[in-house]
Amino acid sequence: GSKEDEPERPPCSAASRSAASGSDVLVQVGFTDVGSLPIANHMLVLATDPATGATFASRSGPGLGPLGLSGVGPWNTAVSGPFDPEFKDYGAVHSVQTIGFIQASFEDVTAYMSEFAAATNSFVNPYLIVTGNSNSYASRLLEGLGFDSFDPALPAPGAGGGRVLK
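Residues numbered from 1 in each chain as written. Predicted model: local features only at pLDDT ≥ 70, side-chain atom pairs only at ≥ 80, totals over all residues. Heavy atoms only, no water.

## Things to note about the overall build of the chain
Looking only at helices and strands, the chain features two helices and six strands. If you list the helices and strands of the chain from N to C, you get β-β-β-β-β-β-α-α. Residues classed as buried in the chain amount to 45% of the 166 residues present. Contacts in the chain between residues at least 24 apart in sequence constitute 70% of all its contacts with a sequence separation of at least 6. Working note: accessible area of the chain is about 7900 Å², and carbon and sulfur atoms make up 56% of it. (Helix = DSSP H or I, 4+ residues; strand = E, 2+ residues; numbered from the N terminus. Buried < 20%, exposed > 50% of the residue type's maximum accessible area, 1.4 Å probe, protein only. Contact = heavy atoms within 4.5 Å. Areas by Shrake-Rupley, 256 points an atom, 1.4 Å probe, with all protein chains shown as cover.)

What follows is the structure, encoded as structure tokens:
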């Protein structure tokens, strides 16, 4: 994978920390527990449609990567989709941090999130517990959405650190 493998940013993507209008897409990070590690959190990116309140999510975690298989393995495996009972972390989010807003359509934002997950899965990304992990994936996705800096409100090893896409 290379920088060229990354999907293009959403058209008219103007990320900001506050809403410019009622039609801006809200972007947040959800935090879930990491198994038996009380000092760490897993992050996922959430985008909320200002018109309907529907939420779309993107996450990564250990899996069998580009082989298309599921389960725990040595590769960073990403998924995006509606944040509903079918989504892996639905019901497990214990805290949410608002990142900001994007002046783009909800469809453009969610398409980018899906393309970012697909690009991540298209090549081998080793899952490294404290650098190249779910939190570095979330940080890189936020960068791609136009947010240049991000300090997680809760401990999240790898956030802002390791790069999932190289």
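There's more to say after this.
## Overview of the nonpolar core
Grouped together as the largest cluster of nonpolar side chains are 27 residues, with contacts concentrated most on M43, V45, V109, L141, L142 and L145. Secondary structure elements with two or more residues in this core: strand 2 (25-34), strand 3 (37-48), strand 6 (95-102), helix 1 (106-121) and helix 2 (134-144). Here this core gets six residues from one element, more than from any other, and that element is helix 1. Those residues in contact with L141 that sit more than four places away from it in its chain are V45, S58, Y112, M113 and F116. L44, L46, A57 and F83 belong to the second largest nonpolar core, which has five residues in total. (Core = buried A, V, L, I, M, F, W, Y, C linked by side-chain atoms within 4.5 Å.)

## What about the pattern of salt bridges?
Oppositely charged side chains can form a pair if their charged atoms are brought close together. Under the definition given, this model contains two salt bridges. The closest approach of N and O atoms between R59 and D89, which form a salt bridge, is 2.5 Å. Of the two residues, R59 sits in strand 4 (residues 55-63) while D89 sits in the loop between strand 5 (75-82) and strand 6, which places them 30 residues apart along the sequence. Salt-bridge contacts for E143 lead to R140; the nearest nitrogen and oxygen are separated by 2.7 Å. Pair noted here: E143 and R140 are both in helix 2, with a separation of three residues, about one helical turn. Since its relative accessible area comes to 27%, E143 is described here as partly exposed. (Salt bridge = Lys/Arg side-chain N within 4 Å of Asp/Glu carboxyl O.)

## Topic: the packing of aromatic side chains
For the structure on display, the rule yields four aromatic pairs. Here the aromatic rings of Y112 and F116 are separated by 6.0 Å at their centres, their planes lie at 35°, and the arrangement is tilted. Of this pair, Y112 and F116 both sit in helix 1, separated by four residues, roughly a single helical turn. The same class applies to Y112 and to F116, which are both buried. Three or more aromatic residues joined by ring pairs make a cluster, and in this case those are F83, F87 and Y90. (Phe/Tyr/Trp six-rings, centres within 6.5 Å; stacked < 30°, edge-to-face > 60°.)

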